[in-house]
Number of protein chains: 2
Amino acid sequence: MNQTTDSSTPKFAAIKEFIFSQIETGNWPEHSRIPSENELASQFSVSRMTARRALQELTKQGVLYRTQGVGSFVASAKSQSALLEIRNIADEIQSRGHFHSAELVQLSQIPCPNIVASALGLQPNDPVFFSLIVHYDNQLPLQLEARFVNPAQVPDYLQQDFTQLTPHEYLSAVAPLTEADHVVEAILPDAFTSKYLRISQHEPCLRLTRRTFSRGGAVSFAYLTSAGSRYRLGGHLNFAAPNKK
Amino acid sequence: MNQTTDSSTPKFAAIKEFIFSQIETGNWPEHSRIPSENELASQFSVSRMTARRALQELTKQGVLYRTQGVGSFVASAKSQSALLEIRNIADEIQSRGHFHSAELVQLSQIPCPNIVASALGLQPNDPVFFSLIVHYDNQLPLQLEARFVNPAQVPDYLQQDFTQLTPHEYLSAVAPLTEADHVVEAILPDAFTSKYLRISQHEPCLRLTRRTFSRGGAVSFAYLTSAGSRYRLGGHLNFAAPNKK
DNA sequence: AAGTGGTCTAGACCACTTG
DNA sequence: AAGTGGTCTAGACCACTTG
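This one's a predicted model, so the numbers in the text were calculated from it and none came from an experiment.

Enquirer: Help me understand the overall build of chain A, please; the structure alone is not making it clear to me.
Expert: When helices and strands are tallied, chain A shows seven helices and 11 strands. Buried positions account for 49% of the 245 residues belonging to chain A. Of the contacts formed within chain A by residues at least 6 apart in sequence, a portion of 60% connects residues at least 24 apart.

Enquirer: What is the right way to look at helix α6 (residues 167-174) of chain A in this model?
Expert: Each turn of an α-helix holds 3.6 residues, which means side chains three or four residues apart point in the same direction. The complete set of buried residues in α6(A) reads A:P167, A:E169, A:Y170 and A:L171. Residues of α6(A) that are buried sit in contact with β6 (127-137), β7 (140-149) and β10 (217-227) of chain A.

Enquirer: Would you mind going over the packing of aromatic side chains with me for this structure?
Expert: Two measures describe an aromatic ring pair: the distance that separates the ring centres and the angle between the ring planes. Considering all chains together, one arrives at 18 aromatic pairs over all chains under this definition. Both rings, one in A:Y65 and one in A:F73, keep their centres 5.4 Å apart while their planes meet at 20°; by these two values the pair is stacked. With 4.9 Å between their ring centres and 40° between their planes, B:F130 and B:F148 make a pair best called tilted. Taken as a pair, B:F130 in strand β6 (residues 127-137) and B:F148 in strand β7 (residues 140-149) lie far apart in primary sequence, 18 residues in all. On the basis of relative accessibility, which here comes to 10%, the residue B:F130 falls in the buried class. Chaining the aromatic ring pairs together yields one cluster made of A:F18, A:W28 and A:F44. Lying across the ring of B:F12, B:R53 places its NZ or CZ 3.7 Å from the centre.

Enquirer: How should unusual backbone geometry be read in this particular structure?
Expert: The phi angle of most residues is negative, glycine excepted, and most peptide bonds adopt the trans form. Residue and element names in this part refer to chain B. We note that S45 has phi near 55°; this positive angle belongs to a residue other than glycine. If you trace the backbone, S45 turns up in the loop between α2 (37-43) and α3 (48-60). Judged by relative accessible area, which is 61%, S45 ranks as exposed. Phi is positive for R198, close to 55°, though the residue is something other than glycine. Along the chain, R198 falls in the loop between α7 (191-197) and β9 (205-214). On the basis of relative accessibility, which here comes to 54%, the residue R198 falls in the exposed class.

Enquirer: Which parts of the structure should I look at to understand the pattern of salt bridges?
Expert: Think of it this way: side chains of opposite charge can pair up when their charged atoms draw near. All names here are of chain B. Taken as a whole and judged by the stated rule, the model has 18 salt bridges over all chains. Close ionic contact of E37 with R48 constitutes a salt bridge, the shortest N to O distance being 2.6 Å. On the criterion of sequence distance, the pair formed by E37 in helix α2 and R48 in helix α3 is long-range, its members being 11 residues apart. With relative accessibility at 47%, the residue R48 sits in the partly exposed group. The closest approach of N and O atoms between R52 and E37, which form a salt bridge, is 2.6 Å.

Enquirer: Please clarify how the sheet that holds strand β2 (residues 64-67) of chain A should be interpreted in this entry.
Expert: Think of a sheet as strands paired side by side through backbone hydrogen bonds, with each pair either parallel or antiparallel. Residues and elements named next belong to chain A. Reading across the sheet, the three strands line up as β1-β3-β2 and stay open at both edges, with antiparallel pairing between neighbours. A strand with exactly one partner marks an edge of an open sheet, and here the two such strands are β1 (33-34) and β2. Sheet analysis places β2 next to strand β3 (residues 71-74), joined by four bridges and oriented antiparallel. Within β3, the position partnered with L64 by the bridge is V74. Contacts from helix α3 (residues 48-60) reach β1, β2 and β3, with the element oriented near 115° to β2.

Enquirer: Looking at this structure, I do not really get the sheet that holds strand β3 (residues 71-74) of chain B. What am I missing?
Expert: Residue and element names in this part refer to chain B. As summarised here, the arrangement of the three strands in space is β1-β3-β2, forming an open sheet in which the pairing is antiparallel. Here the strands that pair on one side only, and so sit at the sheet edges, are β1 (33-34) and β2 (64-67). Along the sheet, α3 contacts β1, β2 and β3; its crossing angle with β2, the most-contacted strand, is approximately 115°.

Enquirer: Hey, could you run me through the environment of A:S36 in this one?
Expert: All names here are of chain A. Mapped onto the elements, S36 comes out in the loop between β1 and α2 (37-43). Residue class for S36 comes out partly exposed when judged on its relative accessible area of 25%. Through-space distance from the C-alpha of S36 to that of R230 is 52 Å; in sequence the pair is 194 residues apart.

Enquirer: Explanation requested: the domain arrangement of chain A in the structure shown.
Expert: By a frequent convention, interface size equals the accessible area lost on bringing the separate parts together. Along its sequence, chain A is carved into domain 1 (11-74) and domain 2 (79-233). For domain 1 of chain A versus domain 2 of chain A, the separation of C-alpha centres amounts to 43 Å.

Enquirer: What exactly am I supposed to notice about the environment of A:C205 here?
Expert: In this structure, A:C205 sits in strand β9 (residues 205-214). On the accessibility criterion, A:C205 (0% relative accessible area) is buried. The spatial distance from the C-alpha of A:C205 to the C-alpha of A:T225 is 6.5 Å, given a sequence separation of 20 residues. Filtering out sequence-adjacent residues up to four positions away, A:C205 remains in contact with A:E185, A:A186, A:I187, A:P189, A:L197, A:I199, A:T225, A:S226, A:A227, A:G228 and B:A186.

Enquirer: How should I be thinking about the packing of helix α1 (residues 11-24) of chain B against α3(B) in this particular structure?
Expert: How two helices pack is summed up by the angle between their axes together with the distance between the axes. Residue and element names in this part refer to chain B. The interhelical angle for the contact between α1 and α3, taken along N-to-C directions, is 50°, at an axis separation of 8 Å. Our classification of the angle between α1 and α3 gives oblique. By crossing handedness, the relation of α1 to α3 is classed as right-handed. Listed contacts from α3 to K11, F12, I15, K16, I19 and F20 of α1 are T50, A51, R53, A54, L55, E57 and L58.

Enquirer: In this structure, what is going on with the pairing of strand β8 (residues 179-187) of chain B? I would like to understand it.
Expert: The side chains of a regular strand alternate between the sheet's two faces. All names here are of chain B. Across the nine residues of β8, eight count as buried, placing the element largely inside the fold. As defined by bridge partners, β8 adjoins β9 across nine bridges and the pair is classed as antiparallel. For H182, the partnering residue across the bridge sits in β9 and is R210.

Cut-off values and rules
- Residues numbered from 1 in each chain as written.
- Chains lettered and ligands numbered in written order.
- Predicted model: local features only at pLDDT ≥ 70, side-chain atom pairs only at ≥ 80, totals over all residues.
- Heavy atoms only, no water.
- Helix = DSSP H or I, 4+ residues; strand = E, 2+ residues; numbered from the N terminus.
- Buried < 20%, exposed > 50% of the residue type's maximum accessible area, 1.4 Å probe, protein only.
- Contact = heavy atoms within 4.5 Å.
- Phe/Tyr/Trp six-rings, centres within 6.5 Å; stacked < 30°, edge-to-face > 60°.
- Lys NZ or Arg CZ within 6 Å of the ring centre and 35° of its normal.
- Salt bridge = Lys/Arg side-chain N within 4 Å of Asp/Glu carboxyl O.
- Pairing = 2+ DSSP bridges.
- Axes fitted to C-alpha atoms, helices over the stretch in contact; angles between N-to-C directions.
- Domains from an automatic or database assignment.
- Parallel < 35°, antiparallel > 145°, perpendicular 65-115°, else oblique.
- Left-handed = near helix turned anticlockwise from the far one by under 90°.

Shown next as structure tokens:
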């Protein structure tokens with residue numbers, strides 16, 4: 001009374017494909033109600049748990065939305081929000097087959113600037129740890145990392161050797177990431193940044209502002225600035241083929 | 001013999017939290033093997049399906065990885081890739097409570113430029129549809145959208161009124177998105193772009209290059225260019241609290 | 001052969017929404 | 001009261017990996 005033994009596609013996947021095709025061809029328009037778990041189960045001669053799995057996975061993929069006591073509905077295609085991947089700079093350089101190195105420009109305790117204070121939930125001029133690091137791709141400066149770290153969360157930050165370990169790697173180890181914000185902007189570099197990246201002050205830069213949290217609260221606030229001519233963010237998405245392996 | 005009737009947290013969620021806390025505290029280090037479905041089921045006095053659900057969801061979240069016949073393992077924290085959201089420009093403007101309008105600068109058939117040809121899988125100088133649109137946030141030009149569309153996929157593209165409907169909305173309707181690429185860069189605008197965005201040629205711009213696919217193949221290739229001072233991409237991530245509602 | 005994860009069944013009780 | 005989705009059980013057979 002179990003398994004179909006047709007080694008091909010699992011039943012839940014066949015049901016997903018059926019639903020997806022109904023939506024794609026327009027038979028089931030946006031926000032229309034689709035068959036219930038029980039209806040699909042009897043139509044496909046499967047148990048309710050199997051029909052449910054198909055609906056559940058499509059919901060996680062953003063294809064459907066469901067309301068208890070009401071039903072399952074086709075999500076609007078517009079809300080398929082695109083996603084861009086942001087990777088660790090050292091990994092990125094290495095995965096291109098290049099050599100990553102880091103130059104430590106500054107590592108000290110400073111009074112917290114206003115912007116950083118509000119981001120980290122500190123008071124202005126409270127002590128914060130600050131690191132300024134240039135990341136090199138082979139011999140070329142690729143990214144300037146200016147990072148402010150909450151001393152309460154990471155008391156030993158100033159004792160690390162950031163030419164051997166990136167702050168990201170160290171922080172991941174001592175204060176595991178639970179949440180993060182990102183903002184990506186195109187800016188002109190200040191004098192400082194253009195000097196360390198060895199670019200003109202007229203060359204546009206991609207600046208990623210990142211704030212990270214761990215269980216205890218805000219951990220760090222960082223500006224990751226790269227020359228526009230040397231760095232870009234890329235991402236690939238696959239909406240179709242639910243869970244292709 | 002069913003439900004716990006403790007209306008609080010479901011059993012599968014309790015198991016997820018247990019596993020997550022073991023990883024967070026370092027008790028279960030990266031790449032270490034964690035208890036099997038059967039072991040968890042008996043430890044928590046639940047059915048295997050319930051233990052399985054906890055493992056499954058943590059795997060989808062990137063916290064674990066599993067291999068059939070071998071076991072379940074702690075994923076490396078480093079591979080938690082951060083994600084940035086890219087939204088439809090019209091939705092974005094409207095969700096800020098502003099008024100979105102579009103100015104159609106050009107809509108015609110042109111010979112396909114080389115770069116576009118290779119992106120869309122066409123031959124150089126094959127006919128392609130081209131639209132050039134300025135998106136306004138209230139009265140301010142926010143984004144210049146230069147889009148190349150594959151005529152084979154979207155034969156009626158030139159007949160649309162893109163002051164009423166964005167190309168993104170039209171394409172979503174006629175050639176549902178199945179895949180997409182994105183690249184984000186900081187650039188200086190060319191003369192054309194600075195004119196339509198009403199900015200100096202020295203002002204950095206954020207340029208998103210997007211390629212979309214539908215079932216039939218490559219559909220469109222677009223440059224979405226915005227003044228750096230007016231536009232940024234943001235994203236928020238929540239790694240912890242598996243599936244908080 | 002024994003253990004692992006992958007799929008599936010035929011039931012159950014529950015919270016919730018609608019008429 | 002009837003239907004919906006949410007959680008859960010105690011089984012089953014399967015493909016796969018390891019000793």
